[in-house]
Amino acid sequence: MKVKVDELVCEANAVCMGLAPEVFEVDDDDQLHILLPEPPPELQDRVRHAVRSCPKAALSLEE
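A short tour of the structure in this document, coming up. What you see is a predicted model; the values in this text were computed from it and never measured.

**Observations regarding the nonpolar core**
Most often, soluble globular proteins have nonpolar side chains that are buried together. Core analysis: the largest hydrophobic core is formed by 16 residues, its most contacted members being Cys16, Ala20, Val23, Phe24, Leu32, Val47 and Leu59. Contributions of two or more residues to this core are made by strand E2 (24-26) and helix H2 (44-53). Looking at this core element by element, the count peaks at three residues for H2. In contact with Ala20, other than residues within four places in its own chain, are Arg46 and Val47.

Here it is in structure tokens:
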């Protein structure tokens, strides 16, 4: 699995960070950073939930 963000669409709402803080981080400048672009198996269900929960649909997965 690989996580991607469309930076033109992302509004840094931090929903993903709240669901999977090990993988997503919003900095003080409201920029989203993917800390683990290829999350380990134990985080993948939470990452899928975070991607589905993005209010702007700015996140995607390559399985």
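**Details of H2**
Since there are 3.6 residues in each turn of an α-helix, residues three or four apart along the chain are aligned in direction. Those residues of H2 that fall on the buried side of the exposure criterion are Gln44, Val47, Ala50 and Val51. Mapping the buried residues of H2 onto a view down its axis gives an arc of 115°, with all of them on the same face. Of the exposed residues in H2, those oriented more than 90 degrees away from the buried face are Asp45 and Arg52. Elements in contact with the buried residues of H2: strand E1 (2-5), helix H1 (15-19), E2 and strand E4 (59-62).

**With respect to unusual backbone geometry**
Of note in the backbone geometry, Ala14 takes a positive phi value of approximately 70° without being a glycine. Tracing the backbone through its elements, the reader meets Ala14 in the loop between E1 and H1. The phi dihedral of Ala57 falls on the positive side, at around 55°, and the residue is not glycine. Tracing the sequence through the fold places Ala57 in the loop between H2 and E4. The class of Ala57 is exposed, set by a relative accessible area of 61%.

**Re the side chain of Gln44**
Here Gln44 lies in helix H2. A relative accessible area of 17% means that Gln44 is categorised as buried. Within the structure, Gln44 has its side chain in polar contact with the backbone oxygen of Pro39 (distance 3.1 Å). With residues up to four places along the chain from it excluded, the contact list for Gln44 reads Met1 and Pro39.

**What to know about empty space enclosed by the protein**
Enumeration according to the criterion identifies one cavity of 30 Å³ or more in this entry. Of the voids in this model, the largest cavity is the one considered here, and its volume is about 80 Å³. Lining the largest cavity are 13 residues, and of these Cys10, Asn13, Ala14, Cys16 and Cys54 lie nearest its centre.

Definitions and limits used
Residues numbered from 1 in each chain as written. Predicted model: local features only at pLDDT ≥ 70, side-chain atom pairs only at ≥ 80, totals over all residues. Heavy atoms only, no water. Core = buried A, V, L, I, M, F, W, Y, C linked by side-chain atoms within 4.5 Å. Buried < 20%, exposed > 50% of the residue type's maximum accessible area, 1.4 Å probe, protein only. Helix = DSSP H or I, 4+ residues; strand = E, 2+ residues; numbered from the N terminus. Contact = heavy atoms within 4.5 Å. Arc of directions from axis to C-beta. Polar contact = N/O pair within 3.5 Å; in protein donor to acceptor, adjacent residues only side chain to side chain. 1 Å grid on protein atoms, 1.4 Å probe; cavity = no way out; pocket = protein on both sides within 12 Å on 5 of 7 lines; lining within 4 Å. Points joined across faces, edges and corners; volume = space filled by probe spheres on them.

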